[in-house]
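In case you want the letters, here they are:
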Amino acid sequence: MMHTPHFTRLGPDVYGNAHPQALLEQIRENGKALQDLMNQHVISTLQYSPESLLQVFRLAAKFESNPERYIRFNSPLQRKILINAFYEPSTRTRLSFDSAWHRLGGDTITITDRSTTGIAKGESLRDVAEMFNNYGDCVVLRDTNAEAIYQMSESLRIPIINAGNGIDEHPTQAMADLYTIFKWRPDLVEKAITEQARIRIGVVGIPCRMRTVRSLLRILTKFPQMIRELVLFHEPGIDPSAPDTYFDPGQRQELEAAGISVITSDDLMAAIPELDVIYINAIAWVGDNYEVHGRSFHLTADLPYKPEAIILHPLARGAELGTCLDHSPHNWYFSQARGAVFIRMALLTCMVERTAQVMDII
Ligand code: CP
């Protein structure tokens, strides 16, 4: 088909609503908490203290506030090599890790098909990892096999980042999610938050099936003081307490043990006027394919959101998130995806011991 060329102006900036500078000013620098991340594998959201997360967010906000400064005047990852191994489709995670590393002056090696490595000849993941020690300084892995990250970490002497292990976890996505919430409301990083200032978060997704939802819920347990209520939505006809349906054993209890008030509901439309943050996802990648859940949910621009409410989505989007929202003030999902680059820049800088190069620049 022939397309008639047409030339239009670039669209309006859809990221103008985030305030990294305000977040930067809200969090006091604590270099020790960043040093704790040096040479640490990133496997699960659970491994982080609230203080370490805040310091990663602070460094990310520093990068986001003035990215040019690091690209032009400082290349903290110069002469460092990232091995980006993605055995499952990805737009955001693979490219943003690549982008983050390049922005900091490093080089990358990418594998997008395990059949192009010795794995196709029966080579063990431990042996592949042993080789990775010689080729790079850090590994990012997305694998449909939830155990692969653990098998590789056994023989790795360089840090590895879990970029999605089956339906288990996606910790750096959860960091990007929370970073977005804190940019929206920097006051939420405080330890003492009044009842009135706390937020009601709605999550549309299947906690036991979606790694993004699992990791999000886990990272929220680190900051229970900001949450007035967490509402988890399921489709009508689903019993969220039935085994293997909605929660994994212990998943709801993990939230409640952290002090979070959890309710489940099948009526998203009725709840929308009360929600401050709406997180929605419909896709679960399982094995070699994906499942779509929650086909009855469909967010559009004409719903009765709170004026200041934000919508988050890890993307890729499906029918659940109308494009009509893209130019509404509720669209924080593009800011969420953009912020992930800065989160990854911050984390990577810590992991390969290059924080000294970036701590005192701004
Ligand atoms: N959010 C996320 O994981 O997107 P990709 O699958 O495109 O990496």
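Residues numbered from 1 in each chain as written. Predicted model: local features only at pLDDT ≥ 70, side-chain atom pairs only at ≥ 80, totals over all residues. Heavy atoms only, no water.

1. Here we look at the pairing of strand S3 (residues 138-143)
Counting buried residues along S3, six of its six residues qualify, which places the element largely inside the surrounding structure. Taking every second residue as pointing to the same face, both faces of S3 are buried, with Cys 138, Val 140 and Arg 142 on one and Val 139, Leu 141 and Asp 143 on the other. In terms of strand pairing, S3 meets strand S4 (residues 160-165) through four bridges, oriented parallel. Within S4, the residue paired with Val 139 across the bridge is Ile 160. The parallel pair S3 and S4 is bridged by helix H7 (residues 148-155), and the resulting crossover is right-handed. (Buried < 20%, exposed > 50% of the residue type's maximum accessible area, 1.4 Å probe, protein only. Helix = DSSP H or I, 4+ residues; strand = E, 2+ residues; numbered from the N terminus. Pairing = 2+ DSSP bridges. Right-handed = clockwise from strand over helix to strand, strands pointing away.)

2. Some remarks on the site of the ligand
Taken together, Ser 90, Thr 91, Arg 92, Thr 93, Arg 142, His 170, Gln 173, Pro 314 and Leu 315 are the residues near the ligand. Ser 90 places a side-chain nitrogen or oxygen 2.6 Å from an oxygen atom of the ligand. A distance of 2.9 Å separates an oxygen atom of the ligand from a polar side-chain atom of His 170. Protein coverage of the free-state accessible area of the ligand, which is 250 Å², stands at 90%. A majority-of-atoms criterion places the ligand in the largest pocket. Its residues assigned to classes, the shell around the ligand shows two nonpolar, five polar and two charged. Looking at the shell around the ligand, you find at least three residues from each of domain 1 (17-169 + 339-359) and domain 2 (171-338). (Near = heavy atom within 4 Å. Polar contact = N/O pair within 3.5 Å; in protein donor to acceptor, adjacent residues only side chain to side chain. Areas by Shrake-Rupley, 256 points an atom, 1.4 Å probe, with all protein chains shown as cover. 1 Å grid on protein atoms, 1.4 Å probe; cavity = no way out; pocket = protein on both sides within 12 Å on 5 of 7 lines; lining within 4 Å. Sits in = over half its atoms within 2 Å of the grid points. Nonpolar A, V, L, I, M, F, W, Y, C, P; charged D, E, K, R; others polar. Domains from an automatic or database assignment.)

3. Description of a nonpolar patch on the surface
A contiguous nonpolar patch, built from Ile 109, Met 131 and Tyr 135 and spanning about 270 Å² of accessible area, is present on the exposed surface. Checked against the element boundaries, Ile 109 lands in strand S2 (residues 107-111). (Patch = residues over 30% accessible without salt bridge, like charges linked within 9 Å, V, L, I, M, F, W, Y side chains within 5 Å. Salt bridge = Lys/Arg side-chain N within 4 Å of Asp/Glu carboxyl O.)

4. A few points about the side chain of His 330
Relative to the elements of secondary structure, His 330 occurs in the loop between strand S11 (310-312) and helix H12 (333-351). There is a polar contact of 2.7 Å between the side chain of His 330 and the backbone oxygen of Ala 309. Apart from residues lying up to four places away in sequence, His 330 is in contact with Tyr 305, Lys 306, Pro 307, Ala 309, Ile 310, Ile 311 and Leu 325. (Contact = heavy atoms within 4.5 Å.)

5. Quick word on the side chain of Thr 45
Along the polypeptide, Thr 45 turns up in the loop between helix H2 (31-35) and helix H3 (50-65). A distance of 3.4 Å separates a polar atom in the side chain of Thr 45 from a polar atom in the side chain of Ser 215.

6. What about the pattern of salt bridges?
According to the stated counting rule, one finds 22 salt bridges in the structure shown. Here Glu 169 and Arg 218 are joined by a salt bridge, their closest N and O atoms 2.7 Å apart. Highlighted residues: Glu 169 in the loop between S4 and helix H8 (171-184) and Arg 218 in helix H9 (residues 211-220), separated in sequence by 49 residues. We note that Glu 169, like Arg 218, is buried. Across the pair Asp 326 and Arg 317 runs a salt bridge whose closest N-O atoms are separated by 2.8 Å.

7. Overview of the sheet that holds strand S7 (residues 262-265)
In a beta sheet, neighbouring strands are held together by backbone hydrogen bonds and run either parallel or antiparallel to one another. If you trace the five strands from one edge of the open sheet to the other, you get S7-S6-S5-S8-S11, paired in parallel fashion. The open sheet is flanked by S7 and S11, the only strands paired with a single partner. When strand polarity is set aside, the average angle formed by the axes of neighbouring strands in this sheet is 20 degrees. Relative to S11, strand S8 (residues 277-280) is paired through three bridges, and the arrangement is parallel. Considered in S11, the bridge of Val 277 is made with Ile 310. (Axes fitted to C-alpha atoms, helices over the stretch in contact; angles between N-to-C directions.)

8. Considerations on the nonpolar core
Within the largest apolar cluster, 77 residues are counted, with the highest numbers of intra-cluster contacts made by Phe 57, Phe 182, Leu 220, Met 226 and Leu 230. Per-element accounting of this core gives the leading share, nine residues, to H12. Composition of this core by domain shows at least three residues from each of domain 1 (17-169 + 339-359) and domain 2 (171-338). If we skip the residues at most four places from it in the chain, Leu 220 touches Leu 178, Ile 201, Met 226, Ile 227, Leu 230 and Ile 260. Of all hydrophobic cores here, the second largest spans 19 residues; its members include Val 204, Val 231, Ala 271 and Phe 297. (Core = buried A, V, L, I, M, F, W, Y, C linked by side-chain atoms within 4.5 Å.)

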